[in-house]
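Here's the letter readout for the chains.
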Amino acid sequence: MCTRVTQYDSPVEAPVQVGDYVSTRWDDLSLEGGAEVCESCQVPARVTSISTEGFTAQLLFFQPPASPSDLEYRFDDPNDKWERLDIGEMGEHKRLRRLFEELKRFAVFVNQQLAPSALDRVVAGKLEARCGAAVLQLGCRRTHTGAAGTAWGLCATPISFIASGVERAPTTLSKVRDYLDELADTDPPAEGKRKRKRWSGGGGGG
């Protein structure tokens, strides 16, 4: 966790910067059939603004029909639980895979806590790449069923995958990984234009 201070002399001295990822606590859950609050879990958020006193981060995981929410943190508030993650330093492929793995765990956690019988809760994740963001929705299912219907395990299952406004058919988790690899290999529109311009004038040498 970050050392608590009242404020920094300049935002650039703060322990997080815009674009960094932090781990924050998800505790807005209640157990199935009651108002008892369940245990919390850690989920990633991306820093969107920074000041000398704190920062704003967008929570990347959510439950539809809600959308990603913004969280406000103060550097001197001991009740603000967050920790900087190394996701921002990862390469494109590795970062998307990491977020995908975290989202799968989140899907299982939410269903275990909120709907252990029905397993009907859907979660979504905003997975950001250089070329834009994709929104992936996951559900949960039982992997094996033993005697008397006893569940041996749970795993995430894909519901939908939307990137650049286009919905793809995520029939399996491995297919989602393929889509994420395609996303990681896609250049941003501006960068693609610069590349074409740079190569279009080349004359000569081979």
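Refer to the structure printed above.
Heads up: these notes are all about the structure in this document. Computed from a prediction, not measured in an experiment: that's the story for all the values here. (Residues numbered from 1 in each chain as written. Predicted model: local features only at pLDDT ≥ 70, side-chain atom pairs only at ≥ 80, totals over all residues. Heavy atoms only, no water.)

### What to know about the overall build of the chain
In step 1: In terms of regular secondary structure, the chain is built from 3 helices and 10 strands.
In step 2: Looking at the chain residue by residue over its 206 residues, the buried ones come to 39%.
In step 3: Within the chain, counting contacts between residues at least 6 apart in sequence, those at least 24 apart form 54% of the total. (Helix = DSSP H or I, 4+ residues; strand = E, 2+ residues; numbered from the N terminus. Buried < 20%, exposed > 50% of the residue type's maximum accessible area, 1.4 Å probe, protein only. Contact = heavy atoms within 4.5 Å.)

### Regarding the side chain of Glu92
In step 1: Here Glu92 shows up in helix 1 (residues 92-114).
In step 2: Side-chain polar atoms of Glu92 contact the backbone nitrogen of Arg130, separated by 2.5 Å.
In step 3: Beyond its immediate sequence surroundings of up to four residues, Glu92 is in contact with Ala129, Arg130 and Ala184. (Polar contact = N/O pair within 3.5 Å; in protein donor to acceptor, adjacent residues only side chain to side chain.)

### Comments concerning the sheet that holds strand 3 (residues 54-59)
In step 1: The sheet built from 5 strands is open, its strands ordered 5-3-2-1-6 with antiparallel pairing. With partners counted over all chains shown, the strands left at the sheet margins are strand 5 (70-74) and strand 6 (82-85), one partner each. Sheet twist, expressed as the average angle between the axes of neighbouring strands with direction ignored, equals 40 degrees.
In step 2: Pairing of strand 1 (residues 21-26) with strand 6 involves 4 bridges; the strand directions are antiparallel. (Pairing = 2+ DSSP bridges. Axes fitted to C-alpha atoms, helices over the stretch in contact; angles between N-to-C directions.)

### Section: the environment of Val108
In step 1: Looking at where Val108 falls in the secondary structure, it is placed in helix 1.
In step 2: For Val108, a relative accessible area of 15% puts it in the buried group.
In step 3: Leave out the neighbours within four places in its chain, and Val108 touches Cys140, Leu154, Cys155 and Ala156.

### What about the nonpolar core?
Within soluble globular proteins, side chains that are nonpolar generally end up buried alongside one another.
In step 1: Residues Val22, Phe55, Phe106, Leu136 and Phe161 are the most contacted members of the largest nonpolar core, which totals 44 residues.
In step 2: The biggest single contributor to this core is helix 1, with 9 residues. (Core = buried A, V, L, I, M, F, W, Y, C linked by side-chain atoms within 4.5 Å.)

### Overview of helix 2 (residues 173-185)
In step 1: In this model helix 2 runs 19 Å from its N-terminal to its C-terminal C-alpha over 13 residues, within 8% of the 18 Å that 1.5 Å per residue would give.
In step 2: Inspection of helix 2 places Val176, Tyr179, Leu180, Leu183 and Ala184 among the buried residues, and these make up the whole buried set. Down the axis of helix 2, the smallest arc covering the buried residues is 140 degrees, so these residues share one side. (Expected span 1.5 Å × (residues − 1). Arc of directions from axis to C-beta.)

### Notes on the packing of helix 1 against helix 2
In step 1: Between helix 1 and helix 2, the shortest axis-to-axis distance is 9 Å and the interhelical angle comes to 145 degrees. Note on packing geometry: the crossing formed by helix 1 with helix 2 is right-handed. Listed contacts from helix 2 to Glu92, His93, Leu96, Arg97, Phe100, Glu101 and Lys104 of helix 1 are Leu173, Val176, Arg177, Leu180, Asp181, Leu183, Ala184 and Asp185.
In step 2: Here the residues of the contact of helix 1 with helix 2 sort into 7 nonpolar, 1 polar and 7 charged. (Left-handed = near helix turned anticlockwise from the far one by under 90°. Nonpolar A, V, L, I, M, F, W, Y, C, P; charged D, E, K, R; others polar.)

### A look at the pairing of strand 3
In step 1: With 6 of 6 residues buried, strand 3 lies mostly within the body of the structure.
In step 2: What you see with strand 3 is no split at all: Gly54, Thr56 and Gln58 on one side and Phe55, Ala57 and Leu59 on the other are buried throughout.
In step 3: Alignment of strand 2 (residues 41-50) against strand 3, held across 5 bridges, turns out to be antiparallel. Its bridge partner being in strand 3, Val47 is matched across the sheet by Ala57.
In step 4: Counted between consecutive antiparallel strands, the loop separating strand 2 from strand 3 contains 3 residues.

### A closer look at unusual backbone geometry
In step 1: Geometrically, the link from Pro64 to Pro65 is a cis peptide bond, its omega value of 10 degrees lying close to zero.
In step 2: One can find Pro65 in the loop between strand 4 (61-62) and strand 5.
In step 3: Even without glycine at this site, Leu119 takes up a positive phi of about 50 degrees.
In step 4: Within the secondary structure, Leu119 sits in the loop between helix 1 and strand 7 (123-129).
In step 5: Of note in this structure, Ser164 is not a glycine but carries a positive phi near 55 degrees.
In step 6: Mapped onto the elements of the fold, Ser164 is located in the loop between strand 9 (151-163) and strand 10 (166-168).

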